[in-house]
There are 2 protein chains.
Amino acid sequence: MISRFPDLFKFRGVVSPRNHRFFHHRHPPPPPTPTTTMSDLRPPEHQVAGHRASASKLGPVVDGSGLFYKPLQAGDRGEHEVAFYEAFSAHPAVPPRIRDTFFPRFHGTRLLPTEARPGEPHPHLVLDDLLAGLEAPSVADIKIGAITWPPSSPESYVAKCLAKDRGTTSILLGFRVSGVRVVAPGGAVWSPERPELKALDTAGVRRVLRRYVSSVSGEGVDCALAAAVYGGEGGVLSQLLELKAWFEEQTLFHFYSASILLGYDANAVSSTGVGGGVRVKLVDFAHVAEGDGVIDHNFLGGLCSLIKFISDVVSETPEKLALGS
Amino acid sequence: MISRFPDLFKFRGVVSPRNHRFFHHRHPPPPPTPTTTMSDLRPPEHQVAGHRASASKLGPVVDGSGLFYKPLQAGDRGEHEVAFYEAFSAHPAVPPRIRDTFFPRFHGTRLLPTEARPGEPHPHLVLDDLLAGLEAPSVADIKIGAITWPPSSPESYVAKCLAKDRGTTSILLGFRVSGVRVVAPGGAVWSPERPELKALDTAGVRRVLRRYVSSVSGEGVDCALAAAVYGGEGGVLSQLLELKAWFEEQTLFHFYSASILLGYDANAVSSTGVGGGVRVKLVDFAHVAEGDGVIDHNFLGGLCSLIKFISDVVSETPEKLALGS
C-alpha cells in the first residue's frame, strides 16, 4: 500500500545539492549561460504564490531574458522537483504536445547568488518564464486536488496538509485558489492577500473566477473577457479539456500539491477581444509521486471540478459578450 | 467551508425512527405489502459486503419476490439514507435514465421482524433486489472515492475513515474492493474473506478484477468473460462511461462512501458468450452530502480510476476471447 515515494526517481541519479554533479545541466540542452550577477535578477512582478525573494527569504527570480529561476526547496523537496523535471523531460511516454503545451520547459539547474544568503550561491531550477511576452499578465495559481499529500507521507505531514485542505476549499471543491492577479484596463492591479484567498468559500471561489475575466477596476465583475479567455478556441476551457483527456489515460505521475497556472495578457485581450496569449500550465512538482500504472484520480477529479466552475462562468456570460466563442 | 451535512435533506421532513410518520410508504407508491413474517425473510445468498443478518446482527434480507430490505443503520445514518432516497427519488434534476439504470428503486420503509431483535420490529429500507433474476450472480462491491468521509464530519470520524482509506487502496487508487463473489462454471463460488480484501495492493486489485471475469475454478485467471462482461454494448465499461458523463455534470449529491455494485449471471454469460444480465448499480448512501453546485470530484476521480483498471483488463484480453465486443 505504501508507495515508494522516498525512492522516487532515484534511478535518475539525483544526488544531494551539495554534490557538484547535481548542478550540471542535463536534458534538454541548456540555453546560453552568461555569468549571471545578482543585479540581473529580480522577483517576477506578477508572482502570485509562494515566497517572494527578499533579503530574508529565498524566492524565484527572472532575468528578463525569458527564464525563470526557482530556488531548490529545503529538505528533499528541491531534489525531488529536479528529479521530476529530469524524469518528465526525458520520458518517452509523455506526448510532446502535452509537454510543450502544459509544462514549463526545463533547462537544468544553476547556482545563483541570492539576496537572502549573500556569498552562498543557491541551486535553482532553470525554467521557461511562463508569462514571458505578456505585457500585462493576469495570473491565477490554482492548486489542484482534494488531497495534497503523497500517500506515503509521514503522519505529521498528512495532518498538516489535511488541516489546510479542510480549512480551504481543497477537500470540498478539489482545488483551491492559491494566488490571483488581475490587471484592469487602466493598469490597476487586483491581487488579494493570502489570508483572503485562504478564507474563500465556494461562492468566493466563483467570484474570483469571474473577477479573473472581468474588465473593470474596483470590486465590479462583468465577465467581459469570459468568452475570450475561458471560452473559444485555444481558451482556458479547451486547454483544460485537452489536459483532462491526458489525465484520464496517464499513469506515470501523481501530481500531489501541483498547481495550474492560468495567464493571459490583459492588454492584448482587451484590445482584440479574442485570444490574448491564454496560457494553461502545470507548476510546482516537489510532491509528485510515481503513478505505477494508476491514473492520478485526485488531480483528475479536481481538474474536472475546475472545468465545471469555469464552464459555469462561460455559460452564465451574456451572449452579447460572448466574443471569440 | 463546512457543509450543511447535519441538516441534509431536512426539508424532506425526515424524522426519528421512533416516529410513526417515518414508516409510512412514500414516493414512489409502495408495492403490494402482504404481512411479512420472519420465515419469509432470509439473508441474500450473494451478499458480499456489510453485516450479514443473524441472531446477533442486523443485516439485509430478501423475501424472494424481488425486494431487498436493508435495516436502517444506527445513529443518524439510517435516517440519512432514507432522506437521500426520498430526495433522490423525487428530484426533478435527476435524469430518469440515470435513476432507472444505476440506482435501486426505492419503495419506502417498512417495519420488519428481525432475528437479532426478536419482538422488536426494526425499520428497513425497501429497495429492488439488484440481483433478482440472476441465476448465478457473480458480484463485486467496489467502494468509490479516495475520501470516504463527508467534509463536515467530526475529527474522530475523519481519523477513523482516513486510517481505513490509507490502509486499503482507497487513497492510492480512488477505490477499494469491499466484496467479491465469483461463480465458476461448475457452480463453485470464490469469495475471499474481508481481511484478504482489505490487504489487497494495486496488483491484488488488478488480479481480483481479472478473476471476476474469469471462467475457471480455483486460483486460475483466464479473463474469458472480460469481453462479454466488461466490454461490448451494455457491458460494465459502457455503463461506467455513461455514469461518468453524469458525474462530470451533476452537482446535486456527493456520494461519500458509496459503492458501485457489479453483477452478472455466471450461467447466462457462460452459455451465450454475450450479455449475461450485466448490472452496474450505486448502493450505500448513508454518507451522501448535498452537492451545492459542485461536482462530486472525489467519486468522479475514483470512477475514472476504476474505468482505467477495467479497460486495462479488456485491452489485455487476447482477441480470440473477445466475444461480444
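This is a predicted model, so every value here is computed, not measured. (Residues numbered from 1 in each chain as written. Chains lettered and ligands numbered in written order. Predicted model: local features only at pLDDT ≥ 70, side-chain atom pairs only at ≥ 80, totals over all residues. Heavy atoms only, no water.)

### Brief notes about empty space enclosed by the protein
Part 1: All told, the structure shown has five cavities of 30 Å³ or more when counted by the stated rule.
Part 2: If you add up the space inside the largest cavity, you get close to 70 Å³.
Part 3: Along its surface, the largest cavity is lined by G145, A146, I147, G174, H297, N298 and G302 of chain A together with A146, I147, H297 and N298 of chain B.
Part 4: Elements that contribute at least two residues to the lining of the largest cavity include exactly α10 (297-316) of chain A together with α10 (297-316) of chain B.
Part 5: With three residues, α10 of chain A is the single largest residue contributor to the lining of the largest cavity.
Part 6: Residue composition of the lining of the largest cavity, by class: four nonpolar, seven polar and no charged. (1 Å grid on protein atoms, 1.4 Å probe; cavity = no way out; pocket = protein on both sides within 12 Å on 5 of 7 lines; lining within 4 Å. Points joined across faces, edges and corners; volume = space filled by probe spheres on them. Helix = DSSP H or I, 4+ residues; strand = E, 2+ residues; numbered from the N terminus. Nonpolar A, V, L, I, M, F, W, Y, C, P; charged D, E, K, R; others polar.)

### What to know about the sheet that holds strand β4 (residues 122-128) of chain B
All names here are of chain B.
Part 1: A sheet is described by the order of its strands in space; here four strands give the open sequence β1-β2-β4-β3, paired in antiparallel fashion. A strand with exactly one partner marks an edge of an open sheet, and here the two such strands are β1 (61-62) and β3 (106-112).
Part 2: Inspection of the sheet shows β1 paired to strand β2 (residues 67-71) by two bridges, in the antiparallel sense. Within β2, the residue paired with V61 across the bridge is Y69.
Part 3: Contacts from helix α1 (residues 77-90) reach β2, β3 and β4 within the one sheet, and its direction differs from that of β3 by about 150 degrees. (Pairing = 2+ DSSP bridges. Contact = heavy atoms within 4.5 Å. Axes fitted to C-alpha atoms, helices over the stretch in contact; angles between N-to-C directions.)

### Notes on the packing of aromatic side chains
Any aromatic ring pair is given by two values, namely how distant the centres are and how the planes are angled relative to each other.
All names here are of chain A.
Part 1: Counting across every chain of the model gives 42 aromatic pairs over all chains.
Part 2: Pairing F88 with F103 gives two aromatic rings, centres 4.1 Å apart and planes at 40 degrees, and the pair type is tilted. Linking F88 in helix α1 (residues 77-90) with F103 in the loop between α2 (96-102) and β3 (106-112), this pair joins segments that are 15 residues apart in sequence. F103 shares its class with F88; the two are buried.
Part 3: Linked through ring pairs, F84, Y85, F88, F103, F106, W246, F247, F253, F255, F285 and F299 together constitute an aromatic cluster.
Part 4: One residue, R99, lies across the ring of F88, its end atom 5.9 Å from the ring centre.
Part 5: Above the plane of the ring of W190 lies R211, whose end atom (NZ or CZ) is 3.9 Å from the centre. (Phe/Tyr/Trp six-rings, centres within 6.5 Å; stacked < 30°, edge-to-face > 60°. Buried < 20%, exposed > 50% of the residue type's maximum accessible area, 1.4 Å probe, protein only. Lys NZ or Arg CZ within 6 Å of the ring centre and 35° of its normal.)

### A few points about the domain arrangement of chain A
Residue and element names in this part refer to chain A.
Part 1: Looking at chain A, the domain boundaries give domain 1 (20-128) and domain 2 (137-321).
Part 2: In total, domain 1 and domain 2 occlude about 2200 Å² of area from one another, counting both sides; carbon and sulfur atoms represent 65% of this.
Part 3: Considering only the side of domain 1, the residues that lose the most area to domain 2 are V48, F84 and F102, jointly responsible for 31% of the buried surface there.
Part 4: Taken together, the links from domain 1 to domain 2 amount to three salt bridges.
Part 5: A salt bridge links K70 to D284; its shortest N-O distance comes to 2.9 Å.
Part 6: Taken together, domain 1 and domain 2 are joined by six residue pairs in polar contact (both at pLDDT 80 or more).
Part 7: Mapped onto the side of domain 1 that touches domain 2, the elements with two or more residues apiece are α1 and α2.
Part 8: Considering each element in turn, the side of domain 1 that touches domain 2 owes the most residues, seven residues, to α1.
Part 9: Residues of the side of domain 1 that touches domain 2, tallied by class, amount to 13 nonpolar, six polar and six charged. (Domains from an automatic or database assignment. Buried area = accessible area lost by both parts, 1.4 Å probe. Salt bridge = Lys/Arg side-chain N within 4 Å of Asp/Glu carboxyl O. Polar contact = N/O pair within 3.5 Å; in protein donor to acceptor, adjacent residues only side chain to side chain.)

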